Structure formats: structure tokens, C-alpha cells
Amino acid sequence: MVTPSFLWNVCKSSFTFGLIGLTISDRFASIVPVRGLSMSPTLNPHESTSLGLFTDDHVLVEKRCLTNYKFSHGDVVVFCSPSSYKEKHIKRITAMAGDWISVPYSYDAVKIPEGHCWVEGDNPTNSLDSRSFGPIPVGLIRGRVTHIMWPPQRVGKVDTRFPKDGECLVCYCIIIFL
Amino acid sequence: MRLWFGKWTAIAKESVDRAAIFAKFLCLLHVTNTYIFSPTLVYGPSMLPTLNLTGDVVLSEFISHRLGKVGPGDVVLIQSPENPRKTITKRIVAMEGEVVSFLVDPSRSEKSRTVVVPKGHVWIQGDNIYASKDSRNFGPVPYGLIQGKVCCRVWPIDCFGTL
């Protein structure tokens, strides 16, 4: 029987669960679906079909890193897009502040300013990343991806790996010549 | 013996209930401080004469920037692009697509530059252009770094009111 006091109790419980869920997802960790192929083969290795939400990878994004903003090379992070604050992207950090990065298709090298980082997708042919919009401020990062939670056959830790050896070689050569 | 055990479980149950109420209160505090409004202490010379050098407590709200309703003339709390752990208070001078003309170094020369603010970015400046490190130094900042909008000052009491 639906009485006013029953409805009031339901409202109170859902409000409490909402507050607790929001606090946990802001401060500890949350699970988000990954759309797009820019991080293949690490995330979403297969072409997404019409059943997108069921076949997409769902990852665990931990938020404890946002107290210190201490990130390192190879971390996969979720960040707000610098050209449109409502969209969030997932890419891998390939260079931190103070590193030199070679600009593609030219002989220039760019030094990453203080408080910024360079993000790239693991699938360079299909990725909109720092090669287009430049280094991003670390303050735009909203979490670090640690594990894949869905689909069940791909459950596991997302590994952090260093950038390709070719890029590092260019950076070291420039520093020696300077 | 059974009486002692019963008393112990009653105490344990009451402390778990109290801890649950305390945890719910902390969650409510977090949600209010992140999504609704919160008092903030701001200090520094870069917003003189609007804000005092030694420190003011201002009430900042966190709803407008999520709805995209901050615009030129608003004083906002923004994460510094040079140090993500620092929050700075500046005024928005121009939004994306607008043209900004500014004095490069007002205390030394009359030279000025003109810049178009790129998409998704804002141009921020401190009210005290002689002692402020802002977009004239580090360029336009992405809108996603805005944390909240300052609506009024609550301390010191004699300066109570909107800015």
C-alpha cells in the first residue's frame, strides 16, 4: 500500500544513496564506458557495433590521484577536452612538464610548459590528442584508469608503458646538440 | 555473562549507527562544497582594489560554470594552469571567439598586443594589472579549469556584499 510515509521513506533513502554514491564516485573511483577506437588495442580493440554500450570496455577510474596531481609517463587518464569542457577523453600521458617533444612532420621540438602534460592515444591513426591541440594543463585531468571491468574476458589491470623508443631518441639528440 | 554480552552488542550497534550518521553528514558536506556553494578564503595582491591583500572570505557557487553561464566581468575561482594544486581568483575578460587587446607590461612600456581567444578557452586577468600573473603571462586557459564563480564577500563584515 503506497502511503505518504512510505513515499517519504523511499525519497529519503534514494537521496541518501545518491549523496553517498556521488561522494564515492568523486573521491574514490567510478566505472565509465569507453567510446571510440583511439586507445586500441589497450581499450576497445574491436570495432564498436550497434550494441555499443554492451560491447564497449568499461574501466575503473580512480580519483585518489586528484589530491596530489602526481602523474607519470604511461598513465592512462580521463580529462576534459580543452576545446569543449563538456566532453571527456581517455588518452595516455606520454610526456610530462619539462620534457621535449618532437612535433610531427617537422624538425621542431616543443618543451612542455610547467603544469602541463602531453597526451596521446595508443592508436595514432585514429586519435585526436596533443598532436592536434597541444599540451594540456594537468588540472583538466579527472581521473586515472587502472582496471578494465567489462567485458568479463578482458578484466584486468591496464598497464602503464613508456612511449615508443623512437621519440625519446629524438629528444635526447636535441639536448646533446644544444 | 549473557547480560554483559548483550550490553556490548547494544553499544556496538549504537556506535555503528552514530558512525553511519556521521558518514552521511560528511557526504552531504562534500556534495554541498563541490556542487552548490562554499565559503573560500582568497588572498593576494592581484585583485586589488576589489579584494583585499590580506585576505577575504567570499561565498563561491559551483552551479553557473557547470551550466556554461559564466561570462565576461565575472570573478571566478580557477585552477592555475601552471600548478594544478593551486586555485587562483581572477576576472573573466573575454570568452571564446572574442578579441582581446592588452598591455604586455603596463609598468614598463605602452606596448599592447591583440589576441583571439580560441574555442573552449577564456581570457582571465586580475584587476590589479601591475601585480597579477594571468592570461597575459600564460595565455588563454581552458574553460574546464574553472572551479566556481564568486558571488559575494562575507568577511570582513564591513565589506559585506557583492563585489
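Residues numbered from 1 in each chain as written. Chains lettered and ligands numbered in written order. Predicted model: local features only at pLDDT ≥ 70, side-chain atom pairs only at ≥ 80, totals over all residues. Heavy atoms only, no water.

Peer 1: It is not clear to me how the overall build of chain A should be interpreted in this structure. Could you clarify?
Peer 2: A tally of helices and strands in chain A yields four helices and 10 strands. Reading chain A from its N end, one meets helices and strands in the order α-β-α-β-β-β-β-β-β-α-β-β-β-α. Looking at chain A residue by residue over its 178 residues, the buried ones come to 39%. Partitioning the contacts of chain A with sequence separation of at least 6, the portion at a separation of at least 24 is 58%. Accessible surface, chain A as shown: approximately 10,600 Å² in total, 64% of it carbon and sulfur. (Helix = DSSP H or I, 4+ residues; strand = E, 2+ residues; numbered from the N terminus. Buried < 20%, exposed > 50% of the residue type's maximum accessible area, 1.4 Å probe, protein only. Contact = heavy atoms within 4.5 Å. Areas by Shrake-Rupley, 256 points an atom, 1.4 Å probe, with all protein chains shown as cover.)

Peer 1: When you look at the overall build of chain B in this model, what are you seeing that I'm missing?
Peer 2: For chain B, the count of helices and strands is two helices and 10 strands. The linear arrangement of helices and strands in chain B, starting from the amino end, is α-β-β-β-β-β-β-β-α-β-β-β. Taken against the 2.2 N^0.38 rule, which gives 15 Å for 163 residues, the C-alpha radius of gyration of chain B at 23 Å runs more than 25% over that of a compact globule. Projecting the C-alpha coordinates of chain B onto the three principal axes gives extents of approximately 90 × 40 × 25 Å. Classification of the 163 residues of chain B by burial places 40% in the buried group. Across chain B, contacts joining residues at least 24 apart in sequence account for 51% of those joining residues at least 6 apart. For chain B, the accessible surface area stands at approximately 9,700 Å², while carbon and sulfur atoms represent 62% of it. In chain B, 19 positive and 13 negative side-chain charges are present, and the distance between their average locations comes to 9 Å. (Rg over C-alpha atoms; globule rule 2.2 N^0.38 Å. Lys, Arg positive; Asp, Glu negative; His and termini not counted. Charge placed at Lys NZ, Arg CZ, Asp CG, Glu CD.)

Peer 1: Looking at this model, I keep getting lost on the environment of Ile93 of chain A. Mind explaining?
Peer 2: Residues and elements named next belong to chain A. Within the fold, Ile93 resides in strand S4 (residues 84-96). Spatially, the C-alpha atoms of Ile93 and Arg161 are 9.7 Å apart, while their sequence positions differ by 68 residues. Among residues more than four places away in sequence, those in contact with Ile93 are Phe71, Ser72, His73, Gly74, Asp75, Val77, Cys117, Trp118, Val119 and Ile141.

Peer 1: Hey, could you run me through the pairing of strand S9 (residues 141-150) of chain A in this one?
Peer 2: On a regular strand, each side chain points to the face opposite its neighbour's, so the side chains alternate between the two faces of the sheet. All names here are of chain A. The pairing of strand S2 (residues 58-62) with S9 spans five bridges and is antiparallel. Residue pairing in the sheet places Glu62 in a bridge with Arg144 of S9. Here three bridges tie strand S3 (residues 76-81) to S9, and the two strands are oriented antiparallel to one another. Bridge pairing links Phe79 to Ile141 in S9. In this sheet, strand S10 (residues 156-157) lies alongside S9 in antiparallel orientation, the contact comprising two bridges. The residue of S10 that forms the bridge with His147 is Lys157. Linking two consecutive strands that pair antiparallel, namely S9 and S10, is a turn of five residues. (Pairing = 2+ DSSP bridges.)

Peer 1: I'm lost on the side chain of Thr23 of chain A in this one. Help?
Peer 2: Among the secondary structure elements, Thr23 of chain A is positioned in helix H1 (residues 4-27). For Thr23 of chain A, a relative accessible area of 9% puts it in the buried group. Among all residues touching Thr23 of chain A, those that are not within four sequence positions of it are Phe28 of chain A together with Cys27, His30 and Val31 of chain B.

Peer 1: How should the confidence of the model for chain A be read in this particular structure?
Peer 2: Interpretation of this model should avoid reading the predicted coordinates in detail wherever pLDDT is low. Residues and elements named next belong to chain A. Scored by pLDDT, chain A has a mean of 86; 87% of the residues are at 70 or more. Looking over chain A, one finds the lowest element-wise mean pLDDT in helix H4 (residues 165-177), namely 44, and the highest in strand S8 (residues 136-137), namely 96. Considering only residues more than four positions removed or in separate chains, one finds that residues 165-178, a stretch of pLDDT under 50, has eight contacts. (pLDDT = per-residue confidence, 0-100.)

Peer 1: Can you help me understand the nonpolar core in this one?
Peer 2: Among soluble globular proteins, nonpolar side chains are generally buried collectively. In this structure, Phe71, Ile93, Cys117 and Ile141 of chain A together with Ile124 and Ile146 of chain B are the most contacted members of the largest nonpolar core, which totals 27 residues. For this core, the elements supplying multiple residues, two or more each, are S3, S4 and strand S7 (116-120) of chain A together with strand S3 (75-79), strand S4 (87-94) and strand S7 (121-125) of chain B. A per-element tally of this core places S3 of chain A first, with three residues. Ignoring anything within four residues of it in the chain, the contact list for Ile124 of chain B reads Ile78, Ile88, Lys90, Arg91, Ile92, Asp134, Ser135, Phe138 and Val141 of chain B. Val34, Met39, Ile148 and Val158 of chain A belong to the second largest nonpolar core, which has 11 residues in total. (Core = buried A, V, L, I, M, F, W, Y, C linked by side-chain atoms within 4.5 Å.)

Peer 1: Help me out: how do you make sense of a nonpolar patch on the surface in this one?
Peer 2: Among the surface-exposed residues, Phe15 of chain A together with Phe22, Phe25, Leu26, Leu28 and Leu29 of chain B lie close enough to one another that they form a single nonpolar patch of about 590 Å² accessible area. Broken down by element, the residue count for the nonpolar patch peaks at five residues, all from helix H1 (residues 2-36) of chain B. As for its placement among the helices and strands, Phe25 of chain B is situated in helix H1. (Patch = residues over 30% accessible without salt bridge, like charges linked within 9 Å, V, L, I, M, F, W, Y side chains within 5 Å. Salt bridge = Lys/Arg side-chain N within 4 Å of Asp/Glu carboxyl O.)

Peer 1: Would you mind going over the side chain of Arg136 of chain B with me for this structure?
Peer 2: All names here are of chain B. By the element assignment, Arg136 lies in helix H2 (residues 135-138). Owing to a relative accessible area of 16%, Arg136 belongs among the buried residues under this scheme. For Arg136, the side chain forms a polar contact with the main-chain oxygen of Ser132, separated by 3.2 Å. Once residues lying within four places of it in the same chain are set aside, the contact partners of Arg136 are Phe102, Leu103, Pro106, Trp123, Gln125 and Ile129. (Polar contact = N/O pair within 3.5 Å; in protein donor to acceptor, adjacent residues only side chain to side chain.)

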